[in-house]
Number of protein chains: 2
Amino acid sequence: VLVMVSCHRPQKPNFIVMLMDDMGWGDLGVFGEPNKETPNLDKMAAEGMLFPDFYSANPICSPSRASLLTGRLPIRNGFYTTNTHAHDSYTPQIIMGGIPDSEILLSELLGEAGYRNKIVGKWHLGHRPQYLPLKHGFHEWFGAPNCHFGPYDDINTPNIPVYRDAEMSGRYYEQFIIDKNTGLSNLTLMYLDEGVKFIQNQTLRGQPFFLYWTPDATHDPLYVSEKFYQTSRRGRYGDAVRELDYAVGEILKTLKLLDIEKNTFVFFTSDNGAATYAKTSAGSNGPFLCGKQTTFEGGVREPAIAWWPGTIPAGQVSHQVGSTMDLYTTLLDLAGVKVPTDRPIDGISLRSTLVNNAVVQRPVFYYRGNELIAVRLGQYKTHLWTFTNPIEEFNRGVDFCPGQYIQNVTTHDQIHHDPPLLFHLGRDPGEKYFIKSHTEEYMKVLPMIQKAIDEHRKHMVPGEPQLNMCDRAVMNWAPPGCDKGDNKCLTAPPSKPHLCSWPH
Amino acid sequence: VLVMVSCHRPQKPNFIVMLMDDMGWGDLGVFGEPNKETPNLDKMAAEGMLFPDFYSANPICSPSRASLLTGRLPIRNGFYTTNTHAHDSYTPQIIMGGIPDSEILLSELLGEAGYRNKIVGKWHLGHRPQYLPLKHGFHEWFGAPNCHFGPYDDINTPNIPVYRDAEMSGRYYEQFIIDKNTGLSNLTLMYLDEGVKFIQNQTLRGQPFFLYWTPDATHDPLYVSEKFYQTSRRGRYGDAVRELDYAVGEILKTLKLLDIEKNTFVFFTSDNGAATYAKTSAGSNGPFLCGKQTTFEGGVREPAIAWWPGTIPAGQVSHQVGSTMDLYTTLLDLAGVKVPTDRPIDGISLRSTLVNNAVVQRPVFYYRGNELIAVRLGQYKTHLWTFTNPIEEFNRGVDFCPGQYIQNVTTHDQIHHDPPLLFHLGRDPGEKYFIKSHTEEYMKVLPMIQKAIDEHRKHMVPGEPQLNMCDRAVMNWAPPGCDKGDNKCLTAPPSKPHLCSWPH
Ligand SMILES: [Ca+2]
Ligand SMILES: [Ca+2]
């Protein structure tokens, strides 16, 4: 039956964005992970287009995800803090802010164009009712509004809820188990199942779909199901990667079985670099410097694969400098939807890259919180500022760059560099050897980058910062649906709004 | 004509060992080099078997190459020094030693079995007449006895000769140009041509062959021909890699054109890790620690690909822990030649790995000079000693681990660790997180490794050290053939043998 229905192909292509959590550039076999444990992703790359020069918009979860769905830098869409200069911020349970109504999300525009949209997995754009996915263009949701790390105590602090669409259907560590000791959990398999069923249903309906598939098994605490438990050569992190790789393979297989693979554009990437501070529980950023939380390449260079049999020729490598924000613009382009013109959009359409392997030069702006830290143009990257984390935190054992030390680069103070540091990422992907400022190369390149910076700053109107205010009263005490089934409504404490504290 | 002749396939397979110089594990696209500039090698891997856990026998040129051709560790075949504890040594022009007659070389055994053997490129097992390739089982040679770096002055010190078989046919920087400023040279193309012609001739002859193809364009000073000059995204090093990748593709294409690919076993690897101290002129060791000269993974983990259509199934990855010394044993096995039984051989046959992807556990012993520094067993690696280079040298700017620093690991003193340091290379390929000695894991694993060490030491009879004595009188003043053509015979100074000085 499915095959017959699928013959009536919708005109608009389907979209699947697979967004991993804290997975590093170097975690895929095809990007050099020595244990080569991602056969399905490696095959996806061989059948599609690999992007070694692809970036997330920010080195941590929430701002990165907000940017993917808005096509705009966190500094524009409000996913940053002004509490402390150049500090990272996200959406823990006590956050008051979230994705502003004024932002126009990819899901909203695709919905208007006739798509049915589902998010499977982590949202992370605010958990108060007005910020949830079904208020922002998604028709379906299975997953959680916040990250699945603690608390593990549902009295003083509520466990993270897992939603089915607009209502909570249980909580982590209660109805949705992640074993704290073993890391065993069926969540990735549930996310896989949710994704596959959505694809099947939409194929039956003959309605184009946007599946935003964002499992978080590679975010600490790492989890994996029995099937992949202790199967990796590199511990629990590798187990989680292997299960995700399996799930990716199953999703692509589903598309082929339903005969819709030629009408479905699939993109695989990650929200930020591997969380190197988690040591052997973290992924790999390959040859790049540092990791999550930083604007060095390890923080924002992402594994990225585009797959669309029949449209994207197999076995391509593109050195187009890409961004998760380009998914916004590209999907709209492919869907024939106009990109908003009333505001700056940072994404570009990758259509001609995907189809013709065209490469256009475009700058990458690396922000941390409210500060422009670095800029890439062509193969050059300049650091206006350098910063890892405060020395007090480092001395407590939190190391964003374990085993790596580069004088004047991996700094624990926020150092403003004037003249800026300049690196060539082609011959120096590890940002180890800065180009001296008196050289011909420096004097030729820096003015071009400076011009891009000036242009960028001229049009920069920062959005209202969403991640400044915190309040225990806004936690997930009583999400919608808490009065049903085994779910528990908890009593919120009195409201005490305060400035959030962001340690790095 | 060639096709007709090749129908009479010789019973014994042909062998091609492609040995790169100072190329790092991370330099191949398939091993994660971000610029993905090795399409032919990546294809070779896709058509064959990739070895992510493959090692050279030593972190520098001469000992590594001596081990490949003898199947034995440098400590056995004499390619080490006792002048200074645990110091690296090789065969510069002033070296008095070389490959001892008492060693039984792969070339000698294959020659006895009916093979015709040719070395194309760098020999590096001693340049005095008794040490040259045609005295050690090779029938043909085109290349140089020493490394192609300086001197660039043929009066006080002779330039390195380039041999055709038993006679010099010119010298580097004279008849065989490497432009010091641009790095332009046709040597890789000449080496390619020499290899292809040998393959063609042997196919016509119907005689099995062993081609030891060892170009050195990725060893400083890097060189490249016009065709690939400034074509890489990563500078001159990348240019050289691109040309070598092209040459590999041409050689495999030749085998297919001659229809002998199903009777030819090809193995691609490198003699030691990327020379990270050369900074942006060096290759990449991917996620591994340090580089050439050291016994960290960056010094000895090598890119490795086996290719033999019809015998090795396509698209395989083997986690067999392999060694360049296994080429000795494997080629003999495939040729039906008995491995010498009168001496310890460190290589094992990889036949069942190649054909059936079998994996056997075997230890790797990492030596530096005369000292056993580290041992790998399974996924564990233990460091008995740690050492990078002497602090005085480091303070002069010679850094074997640029941008990397691991306390108590990247030491400039020679530190003897008792209890030894233990790492798990699967979850910690960068040797960053040592497993504490009071843990269950440590207490379980270390005795197993200690047992392998005890066994190894019990049977260890060090060979006569070949790299202790130096003498300016033994330089390439008047190699055979210097009296012909434009070649110049120079006058040697009086003999003054002295202990060689090895800086690290
Ligand atoms: Ca994340
Ligand atoms: Ca070498």
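Cut-offs applied
- Residues numbered from 1 in each chain as written.
- Chains lettered and ligands numbered in written order.
- Predicted model: local features only at pLDDT ≥ 70, side-chain atom pairs only at ≥ 80, totals over all residues.
- Heavy atoms only, no water.
- Helix = DSSP H or I, 4+ residues; strand = E, 2+ residues; numbered from the N terminus.
- Rg over C-alpha atoms; globule rule 2.2 N^0.38 Å.
- Buried < 20%, exposed > 50% of the residue type's maximum accessible area, 1.4 Å probe, protein only.
- Contact = heavy atoms within 4.5 Å.
- Polar contact = N/O pair within 3.5 Å; in protein donor to acceptor, adjacent residues only side chain to side chain.
- Least-squares fit on C-alpha atoms with pLDDT ≥ 70 in both.
- Donors = N, O, S within 2.8 Å, 3.2 Å for Na, K, Ca; no water.
- Tetrahedral: all angles 85-135°; square planar, octahedral: opposite > 155°, others 65-115°.
- Phe/Tyr/Trp six-rings, centres within 6.5 Å; stacked < 30°, edge-to-face > 60°.
- pLDDT = per-residue confidence, 0-100.
- Buried area = accessible area lost by both parts, 1.4 Å probe.
- Salt bridge = Lys/Arg side-chain N within 4 Å of Asp/Glu carboxyl O.
- Nonpolar A, V, L, I, M, F, W, Y, C, P; charged D, E, K, R; others polar.
- Disulfide = S-S within 2.5 Å.
- Pairing = 2+ DSSP bridges.
- Axes fitted to C-alpha atoms, helices over the stretch in contact; angles between N-to-C directions.
- Parallel < 35°, antiparallel > 145°, perpendicular 65-115°, else oblique.

Each helix and strand in chain A was counted, giving twelve helices and 19 strands. A compact globule built from 504 residues should have a C-alpha radius of gyration of about 23 Å, and chain A, at 22 Å, falls within 12% of that. When burial is assessed residue by residue, chain A has 64% of its 504 residues classed as buried. When contacts within chain A are restricted to residue pairs at least 6 apart in sequence, those whose partners lie at least 24 apart make up 72%.

As a further point, take the environment of Glu140 of chain A. All names here are of chain A. Within the secondary structure, Glu140 sits in strand β5 (residues 140-143). On the accessibility criterion, Glu140 (14% relative accessible area) is buried. Considered as a pair, Glu140 and Leu467 are 327 residues apart in the sequence and their alpha carbons are 26 Å apart. Discounting chain neighbours no more than four positions away, the residues touching Glu140 are Arg116, Asn117, Lys118, Ile119, Leu134, Asp165, Phe198 and Arg205. There is a polar contact of 2.6 Å between the side chain of Glu140 and the side chain of Arg116.

Here we come to the relation of the copies chain B and chain A. Least-squares fitting of chain B to chain A yields an RMSD of 0.0 Å, with the superposition described by an axial translation of 0.0 Å and a rotation of 180 degrees. The superposition operator between the copies reduces to a two-fold rotation axis. The position closest to the rotation axis in chain B is occupied by the C-alpha of Gly32 of chain B, lying 1.9 Å away. The share of interface residues of chain B whose copies in chain A are also at the interface is 100%, consistent with both copies meeting through the same surface.

Further remarks concern the coordination of the calcium ion (ligand 2). All names here are of chain B. Coordination sphere of the calcium ion (ligand 2), protein contribution only: Asp21 (OD), Asp22 (OD), Cys61 (SG), Asp271 (OD), Asp271 (OD) and Asn272 (OD1), at 2.2 to 2.6 Å. Classification of the site at the calcium ion (ligand 2) as irregular follows from its six donor atoms and the range of 52 to 164 degrees in their angles at the metal. Take Asn272: its relative accessible area is 0%, and that puts it in the buried class.

With that settled, the discussion passes to the packing of aromatic side chains. Think of a pair of aromatic rings as described by two things: how far the centres are apart, and how the planes are tilted against each other in angle. Residue and element names in this part refer to chain A. For the structure on display, the rule yields 46 aromatic pairs over all chains. For the pair Phe15 and Tyr115, a centre-to-centre distance of 5.3 Å together with 10 degrees between the ring planes defines the contact as stacked. With Phe15 in strand β1 (residues 14-20) and Tyr115 in the loop between α5 (106-112) and β4 (116-121), the pair connects residues that are 100 residues apart, well separated along the chain. The exposure class of Tyr115 is buried, given its relative accessible area of 1%. A centroid spacing of 5.9 Å and a plane angle of 35 degrees characterise the contact between Phe138 and Phe210, whose relative ring orientation is tilted. Residue Phe138 is found in the loop between β4 and β5, and its partner Phe210 is found in strand β8 (residues 209-214); the two are separated by 72 residues along the sequence. Judged by relative accessible area, Phe210 falls into the buried class, the value being 0%. Taken together through their ring pairs, the aromatic side chains of Phe15, Phe51, Phe54, Tyr115, Phe265, Phe267 and Trp308 make up a single cluster.

Another aspect to go through is the coordination of the calcium ion (ligand 1). Residue and element names in this part refer to chain A. Here the calcium ion (ligand 1) is held by Asp21 (OD), Asp22 (OD), Cys61 (SG), Asp271 (OD), Asp271 (OD) and Asn272 (OD1), and the distances to it run 2.2 to 2.7 Å. Here the calcium ion (ligand 1) is ringed by six donor atoms whose angles at the metal span 52 to 163 degrees, and the overall shape comes out irregular. Donor residues binding the calcium ion (ligand 1) come from one chain and are separated in sequence as D-D-x38-C-x209-D-N.

This next bit is on the confidence of the model for chain A. Residues and elements named next belong to chain A. Scored by pLDDT, chain A comes out at a mean of 96, with 98% of its residues at no less than 70. For the stretch residues 1-8, pLDDT sits under 50, and the model shows eleven contacts to residues farther than four places along the chain or on other chains. Across the interfaces of the predicted complex, the ipTM metric reaches 0.95, alongside a pTM of 0.96.

A few words on the interface of chain B and chain A. Counting from both sides, the interface comprises 36 residues of chain B and, opposite them, 36 residues of chain A. Together, Pro34, Arg233 and Tyr433 of chain B form the three largest contributors to the area buried by chain B at its contact with chain A, with a combined 24%. Counting across the chain B and chain A interface gives two salt bridges. Inspection of the region where chain B meets chain A yields 14 residue pairs in polar contact (both at pLDDT 80 or more). Per-class residue counts for the side of chain B that touches chain A are 14 nonpolar, twelve polar and ten charged.

Tallying each qualifying case throughout the model produces 62 salt bridges over all chains. The salt bridge involving Arg72 of chain B is made with Glu103 of chain B; its shortest N-O contact spans 2.8 Å. Pair noted here: Arg72 of chain B is in the loop between α3 (61-70) and α4 (74-77) and Glu103 of chain B is in the loop between α4 and α5 (106-112), with a separation of 31 residues, a long-range link. The burial state of Arg72 of chain B is the same as that of Glu103 of chain B; both residues are buried. The closest approach of N and O atoms between Arg427 of chain B and Glu441 of chain B, which form a salt bridge, is 2.8 Å. In this pair, Arg427 of chain B is assigned in the loop between β17 (415-424) and α12 (440-458) and Glu441 of chain B in helix α12, connecting sequence segments 14 residues apart. According to the relative accessible area criterion, Arg427 of chain B is partly exposed, its value standing at 26%. Bridged by salt links that share partners, the residues Asp53, Glu297, Arg301, Arg376, Lys381 and Glu431 of chain A together with Arg233 of chain B form one connected network.

A separate point is the state of the cysteines. Residues and elements named next belong to chain A. Tallied over the entire structure, the rule returns six disulfides over all chains. Note on cysteine connectivity: Cys482 is disulfide-linked to Cys489, with sulfurs 1.8 Å apart. Judged by the sign of its S-S torsion, about 100 degrees, the cystine formed by Cys482 and Cys489 is right-handed. On the basis of relative accessible area, Cys489 is assigned to the partly exposed category, the value being 38%. Cysteine pairing for chain A (bonded cysteines numbered in sequence order): 1-2, 3-6, 4-5.

Further remarks concern the sheet that holds strand β10 (residues 301-302) of chain B. Two strands in a sheet stick together by hydrogen bonds in their backbones, pointing the same way (parallel) or opposite ways (antiparallel). Residue and element names in this part refer to chain B. Taken in spatial order, the three strands make up an open sheet running β10-β3-β13, and their pairing is mixed. Taken across any chain shown, the strands that pair with only one partner, and hence form the sheet edges, are β10 and β13 (322-323). Where strand β3 (residues 54-55) lies against β10, two bridges are found, and the strand directions are antiparallel. Considered in β10, the bridge of Tyr55 is made with Arg301.

Helix α9 (residues 325-335) of chain B sits mainly inside the fold: ten of its eleven residues count as buried. Along α9 of chain B, the residues that are buried comprise Met325, Asp326, Leu327, Tyr328, Thr329, Thr330, Leu331, Leu332, Leu334 and Ala335 of chain B.

Here we take up the side chain of Asn389 of chain A. Residues and elements named next belong to chain A. Relative to the helices and strands, Asn389 resides in the loop between β16 (380-386) and α11 (391-395). Taking the relative accessible area as the measure of exposure, Asn389 reaches 0% and is therefore buried. A distance of 2.8 Å separates the side chain of Asn389 from the side chain of Glu393, its partner in a polar contact. For Asn389, the side chain forms a polar contact with the main-chain oxygen of Val398, separated by 2.9 Å. When sequence neighbours within four positions are dropped, the list of residues in contact with Asn389 reads Phe394, Val398, Phe400, Thr411, His412 and His504.

Look at the link from Asp418 of chain A to Pro419 of chain A: it is a cis peptide, with omega at 5 degrees. Its location among the elements puts Pro419 of chain A in strand β17 (residues 415-424). Residue Asp220 of chain B is joined to Pro221 of chain B through a cis peptide bond whose omega torsion reads -5 degrees. With respect to the helices and strands, Pro221 of chain B occurs in the loop between β8 (209-214) and α7 (235-257). For Asp259 of chain A, which is not glycine, the phi torsion reads 60 degrees and is therefore positive. Tracing the sequence through the fold places Asp259 of chain A in the loop between α7 (235-257) and β9 (264-270). With phi around 70 degrees, Asn408 of chain B is a residue other than glycine that occupies positive phi space. Among the secondary structure elements, Asn408 of chain B is positioned in the loop between α11 (391-395) and β17.

What follows is about the side chain of Ser284 of chain B. As for its placement among the helices and strands, Ser284 of chain B is situated in the loop between β9 (264-270) and α8 (297-300). Not counting chain neighbours up to four residues away, the residues in contact with Ser284 of chain B comprise Gly24, Trp25, Gly26, Asp27, Arg234 and Ala274 of chain B.

All right, on to the sheet that holds strand β7 (residues 167-171) of chain B then. Residue and element names in this part refer to chain B. Judged by pairing direction, the sheet is mixed, and its ten strands sit side by side in the order β7-β6-β5-β4-β8-β1-β9-β11-β2-β12 without closing on themselves. Each of the sheet's edge strands pairs with one partner strand only, and the pair in question is β7 and β12 (316-317). With respect to the sheet, helix α2 (residues 39-47) is in contact with β2 (49-50), β9 and β11 (305-307), its orientation differing from that of β11 by roughly 65 degrees.

All names here are of chain A. Axis separation between helix α2 (residues 39-47) and α7 bottoms out at 7 Å; the angle between their running directions is 45 degrees. Classified by the angle between their axes, α2 and α7 sit oblique to one another. The segment α2 lies against α7, with Pro39, Asn40, Leu41, Lys43, Met44 and Glu47 engaging Asp245, Tyr246, Val248, Gly249, Leu252 and Lys256. A per-class count over the contact of α2 with α7 returns six nonpolar, two polar and four charged.

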